Amino acid sequence: MLADNLRVVRETIASALAKRTEKKETGDTVCLVAVTKNHPADVITEIEALGVGNIGENRVQEARGKQQQIGHPGKWHLIGHLQTNKAKQAVEFFDLIESADSEHLIRALEKEAAKQDKVMDVLLQINVAREPQKTGFLPEEYEMVLPVLDDLPHIRVRGIMVIAPNTPDQSVLHAVFRQGYEYFCRLKRQRKDVDYLSMGMTSDYDIAVEEGANMVRVGTALFGARDYGNRGY
Ligand SMILES: *Cc1c(COP(=O)(O)O)cnc(C)c1O
């Protein structure tokens, strides 16, 4: 079952790559992040056995609970909003924080990473569509945070993360992902170490890849619907 779902996801990524009409600065391979939130720790072991080594979790405590059960195989991505008071644990348990969404948070991560003698990889989450209910830097806030990053030696910005609006309107999705790609290209010109553009989930990862994403975060298409009564550990 999981193996079949994974095959479909990989095929979908391949056909989305084939639809690109121009060569993208994000390259032509896509990193699949398996989003395991609200699923038991076993699914992490299963998906890793199938060759997927990037795991996405949206809550620090849930990830911690799973790591206590199965250890820390592969690379763990934090994809959910992080409160500053959990910065210490986030730096400890994750390899990439995709949801760096405010200057305040990034400064807290810098402080913790310095204490733990670690360089923390982060993506800057941009609220491209300016949705009031979503976190992420608004475009103008994003411009303001860029100069600050040079003074944070324990933060390594690896790229950009975008969550598209929840809409069936494909033209909106194309437009949002195209803007995400433009942010990526600009950031890549300004800074070294920038290589990831994380965009797309189950409902829209095909469009995201077509528009230039080289990292997608897929849960439902791999593991089925989530049971929100189940915290997974
Ligand atoms: C839950 C989640 C996903 C995965 O969503 P699916 O629709 O199950 O693929 C991707 N990105 C973020 C930020 C999420 O919170």
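Residues numbered from 1 in each chain as written. Predicted model: local features only at pLDDT ≥ 70, side-chain atom pairs only at ≥ 80, totals over all residues. Heavy atoms only, no water.

With that settled, consider the site of the ligand. Close contacts around the ligand come from Val-35, Lys-37, Ile-79, Ile-163, Met-201, Thr-202, Arg-217, Val-218, Gly-219, Thr-220 and Arg-226, and that covers them all. For the ligand, an oxygen atom lies 2.7 Å from a polar atom in the side chain of Lys-37. Coverage of the ligand by the protein chains reaches 90% of its 390 Å² of free accessible surface. A breakdown of the residues in the shell around the ligand according to their chemical character gives 5 nonpolar, 3 polar and 3 charged. (Near = heavy atom within 4 Å. Polar contact = N/O pair within 3.5 Å; in protein donor to acceptor, adjacent residues only side chain to side chain. Areas by Shrake-Rupley, 256 points an atom, 1.4 Å probe, with all protein chains shown as cover. Nonpolar A, V, L, I, M, F, W, Y, C, P; charged D, E, K, R; others polar.)

Here the focus is the packing of aromatic side chains. The relative placement of two aromatic rings is captured by the distance of their centres and the angle of their planes. Taken as a whole and assessed by the stated rule, the structure comprises 1 aromatic pair. When the ring of Tyr-142 is compared with that of Tyr-183, the centres are 5.3 Å apart and the planes differ by 90°; the resulting orientation is edge-to-face. With Tyr-142 in helix H6 (residues 139–149) and Tyr-183 in helix H7 (residues 170–190), the pair connects residues that are 41 residues apart, well separated along the chain. Pair check on accessibility: Tyr-142 and Tyr-183 agree, each one buried. (Phe/Tyr/Trp six-rings, centres within 6.5 Å; stacked < 30°, edge-to-face > 60°. Helix = DSSP H or I, 4+ residues; strand = E, 2+ residues; numbered from the N terminus. Buried < 20%, exposed > 50% of the residue type's maximum accessible area, 1.4 Å probe, protein only.)

With that settled, consider the environment of Ala-14. Inspection of the secondary structure assignment puts Ala-14 in helix H1 (residues 2–19). In this structure, the C-alpha to C-alpha distance between Ala-14 and Asp-42, residues 28 residues apart in sequence, is 27 Å.

All right, on to unusual backbone geometry then. Although it is not a glycine, Asp-117 sits at a positive phi angle of roughly 55°. As for its placement among the helices and strands, Asp-117 is situated in the loop between helix H5 (103–115) and strand S5 (120–125). The phi dihedral of Asp-193 is positive, around 70°, even though this residue is not glycine. As for its placement among the helices and strands, Asp-193 is situated in the loop between H7 and strand S7 (196–199).

Turning our attention to the pairing of strand S2 (residues 54–57). Where burial is concerned, the two faces of S2 agree: the one with Asn-54 and Gly-56 and the one with Ile-55 and Glu-57 are both buried. Taken together, the 2 bridges between strand S1 (residues 31–35) and S2 define a ladder with parallel strand orientation. When the bridges of S2 are listed, Ala-34 appears paired with Ile-55. A crossover connection joins S1 to the parallel S2 through helix H2 (residues 42–49); in handedness this β-α-β unit is right-handed. (Pairing = 2+ DSSP bridges. Right-handed = clockwise from strand over helix to strand, strands pointing away.)

The next point concerns the environment of Met-201. For Met-201, the position within the fold is in the loop between S7 and helix H8 (205–210). The spacing of Met-201 and Ile-163 is 38 residues in sequence and 8.2 Å in space, taken between C-alpha atoms. Leaving out residues up to four positions away in the same chain, Met-201 has contacts with Ile-163 and Arg-217. (Contact = heavy atoms within 4.5 Å.)

Another aspect to go through is the pattern of salt bridges. Counted under the stated rule, the structure contains 20 salt bridges. In this structure, the salt-bridge partner of Lys-66 is Glu-57, at a minimum N-O distance of 2.6 Å. The same class applies to Lys-66 as to Glu-57, namely buried. Arg-130 is paired through a salt bridge with Glu-140; the nearest N and O atoms lie 2.7 Å apart. (Salt bridge = Lys/Arg side-chain N within 4 Å of Asp/Glu carboxyl O.)

This brings us to the nonpolar core. Of all hydrophobic cores here, the largest spans 67 residues; its most connected members are Ile-97, Leu-109, Tyr-142 and Leu-222. Per-element accounting of this core gives the leading share, 8 residues, to H7. Here Ile-97 is in contact with Leu-78, Leu-82, Ala-90, Leu-109, Met-120, Asp-121, Val-122 and Leu-123, once residues within four sequence places are set aside. (Core = buried A, V, L, I, M, F, W, Y, C linked by side-chain atoms within 4.5 Å.)

Taken as a whole, H2 has its buried residues at Val-43, Ile-44 and Ile-47. Down the axis, H2 shows its buried residues gathered within 105° of arc, on one side only. Buried-residue contacts for H2 involve H1, S1, S2, helix H3 (60–70), strand S3 (75–78) and helix H9 (220–223). Gly-51, located one to two residues past H2, shows a positive phi value of around 95°. (Arc of directions from axis to C-beta.)

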